[in-house]
Amino acid sequence: MSYQPVSFHPAPVTAAAAPAADTWPVDAVLALFELPFNELLYRAQQVHREHFDPAEVELATLLSIKTGGCPEDCGYCPQAARYDTGVTAQKILPLDTVLQAAREAKSHGATRFCMGAAWRSPKDHDLEQVEQMVREVKALGLETCATLGMLGEGQAQRLKQAGLDYYNHNLDTAPEFYENIITTRDYQQRLNTLGQVRGAGIKVCCGGIVGMGESRLQRAGLIAQLANMDPYPESVPVNHLVQVEGTPLHGIDPLDPLEFGRTIAVARITMPKARVRLSAGRRQMGEAVQAMCFMAGANSIFYGDKLLTTGNPEVEQDQALLAKLGMRARSGAVDARCEVSS
Ligand code: SAM
Ligand code: DTB
Ligand code: SF4
């Protein structure tokens, strides 16, 4: 189905044209952010409908397979050992517990299962256990995703061999703002891990967090970094900061929900074939803001009553919301896009 653009464009609207050769200079991304809201959402909808069924949403369930006690200093994170957040550190979960959670996720309609660990980077013997989890979760007929921190030489290949479909590693924010949030690993180290993941033939899940006190220009900077990856990530989680007491970012001014919607729309326009995930923060958002994000081109959510350590809407609540919006869960089939590079 193709939609013709409206013929009347007020002057500022024409300022944000698609840049040449599929690269996105930060000023071109910023120009999208600055479009009149309805024009931005309209453009995002057009792009979305060129590549996806707008009524369909992917459901990905998260499980924290190793919680808390992390040595890093990410200013948003309840799992950093140095912040007093009430999260109790736990050892890696036994395989049976993980499989039980994966079966339950599948029975609720999830198609992807994402295993998260509060590590700076996995030790080789941790990785063996994760490999086993990946093999067995995949055997249940779920797509597998893991987020384990920085990967060293050969670790991505091992995960690929175990059958890992996606690796999540976020850039989190724009390079210019990054040092305000994390000092224990730098931006380049994140890019290196993403390179290892790509190099091993694992699909990339990479996004960031907004609402950490960054400027609009810095939000544009994050999106430009993601969109200019060659190829851009197959999955793009856009997290709204979940403010957790005890973390340095607790208590900062919350982001305007319309600005969150703009961020989703800009991600959709600049990464047309990616799964753009409306990620952390949905519990705090309310239904109307979530509906706006689906209109802006989000087509994936974290599904299940917990993210890693914080809450997410209940399964029944999400099912009711999707029904109200006339949306349905993606079935188990593999995305066409995910077999092709952008
Ligand atoms: N430890 C690994 C790492 O940092 O790469 C993997 C797990 S870590 C919790 C995965 C991602 O969760 C982070 O990169 C961040 O984007 C997101 N995240 C963590 N805490 C968050 C919060 N309070 N609000 C929103 N997103 C958060
Ligand atoms: C991502 O981008 N967001 C998820 C997942 N990848 C691992 C994590 C969100 C965590 C929110 C805070 C918590 O529950 O601890
Ligand atoms: Fe550790 Fe990951 Fe949390 Fe950073 S985001 S403190 S690396 S668990």
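Since the structure is predicted, the reported quantities are computational estimates derived from the model, not experimental observations.

Enquirer: Now, about the site of ligand 3: what can you tell me, with residues and values included?
Expert: Lining the immediate environment of ligand 3, one finds C70, E72, C74, Y76, C77, A80, A118, W119 and R185. A majority-of-atoms criterion places ligand 3 in the largest cavity. Of the residues in the shell around ligand 3, the class split is seven nonpolar, no polar and two charged.

Enquirer: Break down the site of ligand 1 for me, citing the residues and quoting the values.
Expert: Neighbouring residues of ligand 1: 16 residues in total, closest Y76, T147, N170, D172 and V242. Here a nitrogen atom of ligand 1 and a backbone polar atom of W119 are 3.2 Å apart. Relative to its unbound accessible surface of 550 Å², ligand 1 loses 91% to contact with the protein. Judged by the fraction of its atoms near the pocket grid, ligand 1 is located in the largest cavity. The residue inventory of the shell around ligand 1, partitioned by class, reads eight nonpolar, six polar and two charged.

Enquirer: Break down the packing of aromatic side chains for me, with residues and values.
Expert: Tallying each qualifying case throughout the model produces one aromatic pair. Ring geometry for Y178 and Y187: centres 5.3 Å apart, planes at 90°, overall edge-to-face. The ring of Y166 carries R112 above its face, with NZ or CZ at 3.6 Å from the centroid.

Enquirer: Mind laying out the packing of helix α8 (residues 216-227) against helix α9 (residues 257-270), listing which residues take part and the relevant values?
Expert: Each pair of packed helices gets described by two things: the angle between the helix axes and the distance between those axes. As a packed pair, α8 and α9 sit with axes 10 Å apart at the nearest point and diverge in direction by 25°. Taken together, the axes of α8 and α9 lie roughly parallel to each other. The handedness of the crossing between α8 and α9 is right-handed. Here α8 contributes R216, R219, I223 and A227 to the contact with α9, which in turn contributes E259, R262, T263, V266, A267 and T270. For the contact of α8 with α9, the class distribution of residues is four nonpolar, two polar and four charged.

So, how was this worked out
- Residues numbered from 1 in each chain as written.
- Chains lettered and ligands numbered in written order.
- Predicted model: local features only at pLDDT ≥ 70, side-chain atom pairs only at ≥ 80, totals over all residues.
- Heavy atoms only, no water.
- Near = heavy atom within 4 Å.
- 1 Å grid on protein atoms, 1.4 Å probe; cavity = no way out; pocket = protein on both sides within 12 Å on 5 of 7 lines; lining within 4 Å.
- Sits in = over half its atoms within 2 Å of the grid points.
- Nonpolar A, V, L, I, M, F, W, Y, C, P; charged D, E, K, R; others polar.
- Polar contact = N/O pair within 3.5 Å; in protein donor to acceptor, adjacent residues only side chain to side chain.
- Areas by Shrake-Rupley, 256 points an atom, 1.4 Å probe, with all protein chains shown as cover.
- Phe/Tyr/Trp six-rings, centres within 6.5 Å; stacked < 30°, edge-to-face > 60°.
- Lys NZ or Arg CZ within 6 Å of the ring centre and 35° of its normal.
- Axes fitted to C-alpha atoms, helices over the stretch in contact; angles between N-to-C directions.
- Helix = DSSP H or I, 4+ residues; strand = E, 2+ residues; numbered from the N terminus.
- Parallel < 35°, antiparallel > 145°, perpendicular 65-115°, else oblique.
- Left-handed = near helix turned anticlockwise from the far one by under 90°.
- Contact = heavy atoms within 4.5 Å.

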